[in-house]
Amino acid sequence: MSFPWTCYLSVIVIYVQVLSTDGATQVGKISKQWSGMVKEMFTDADNFGITFPMDLDVNMKAVMLGACFLIDFMFFEKSGNKDDQRGVGMF
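Note that this is a predicted model, so its numbers are computed, not measured. (Residues numbered from 1 in each chain as written. Predicted model: local features only at pLDDT ≥ 70, side-chain atom pairs only at ≥ 80, totals over all residues. Heavy atoms only, no water.)

**Student:** Could you clarify how one ought to interpret the overall build of the chain in this entry?
**Tutor:** Secondary structure summary: the chain contains two helices and four strands in total. Element order for the chain, N to C, with α for helix and β for strand: β-β-β-α-β-α. Taking all contacts inside the chain whose residues are at least 6 apart in sequence as the whole, residues at least 24 apart take part in 29%. Put simply, the chain shows about 6600 Å² of open surface, and 63% of that area lies on carbon and sulfur atoms. (Helix = DSSP H or I, 4+ residues; strand = E, 2+ residues; numbered from the N terminus. Contact = heavy atoms within 4.5 Å. Areas by Shrake-Rupley, 256 points an atom, 1.4 Å probe, with all protein chains shown as cover.)

**Student:** Whenever I open this one, the nonpolar core confuses me. Can you help?
**Tutor:** Core analysis: the largest hydrophobic core is formed by 10 residues, namely Ile14, Val16, Val18, Val27, Ile30, Leu56, Met64, Cys68, Ile71 and Phe76. With residues near it in sequence (within four places) discarded, Ile30 still touches Ile14, Tyr15, Val16, Val18, Phe48, Gly49, Ile50, Met64, Ala67, Cys68 and Ile71. (Core = buried A, V, L, I, M, F, W, Y, C linked by side-chain atoms within 4.5 Å. Buried < 20%, exposed > 50% of the residue type's maximum accessible area, 1.4 Å probe, protein only.)

**Student:** What exactly am I supposed to notice about the pattern of salt bridges here?
**Tutor:** Pairing between side chains of opposite charge can happen when their charged atoms approach one another. If you walk through the whole model with that rule in mind, you get one salt bridge. Residue Lys32 pairs with Asp46 through a salt bridge whose shortest N-O separation is 3.7 Å. A residue pair is termed long-range when its members are at least 10 positions apart, and Lys32 in strand β3 (residues 26-33) and Asp46 in the loop between α1 (37-42) and β4 (47-51) qualify at 14 residues. In this structure, Lys32 and Asp46 share a single accessibility class: buried. (Salt bridge = Lys/Arg side-chain N within 4 Å of Asp/Glu carboxyl O.)

**Student:** Sorry, what's going on with helix α2 (residues 58-76) here?
**Tutor:** Every α-helix winds through 3.6 residues per turn, so residues three or four apart in the chain are directed the same way. Across its 19 residues, α2 extends 26 Å between first and last C-alpha, which sits within 8% of the 27 Å expected from 1.5 Å per residue. When α2 is considered as a whole, its buried residues turn out to be Met64, Cys68, Ile71, Asp72 and Phe76. Looking straight down α2, one finds that the buried residues subtend no more than 100° of arc, so they occupy a single side. Looking at α2, the residues exposed on the side facing more than 90 degrees away from the buried face are Asn59, Phe73 and Met74. (Expected span 1.5 Å × (residues − 1). Arc of directions from axis to C-beta.)

**Student:** Explain the environment of Val13 here, please?
**Tutor:** Among the structural elements, Val13 can be located in strand β2 (residues 11-19). For the pair Val13 and Phe48, spaced 35 residues apart in the sequence, the C-alpha separation amounts to 9.6 Å.

**Student:** Please clarify how the environment of Thr25 should be interpreted in this entry.
**Tutor:** Structurally, Thr25 can be placed in the loop between β2 and β3. Given the relative accessible area of 43%, Thr25 is considered partly exposed. The residues contacting Thr25, other than those within four sequence positions of it, are Val18, Leu19 and Ser20.

By themselves, these figures tell us nothing about what the structure is for.
The following block contains the structure:
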């Protein structure tokens, strides 16, 4: 899976669009913000943002929150949480 990303003067933001079942309507957006070189290198903490319309169904809001956790665990967490892994974020 590839993510659209943008870079603004050492600030990397990764966007994931959440689409409805028809694949044409955007329901919301999940983004991962760059939290700084030191935090990215020495901690496993990440900053995510979820954007959705105010009138969105509460069940869909819960699905988007779950999708945010799933994206974090699948793409940005180190496997096995081993201390010998020195990768930065998803790299």
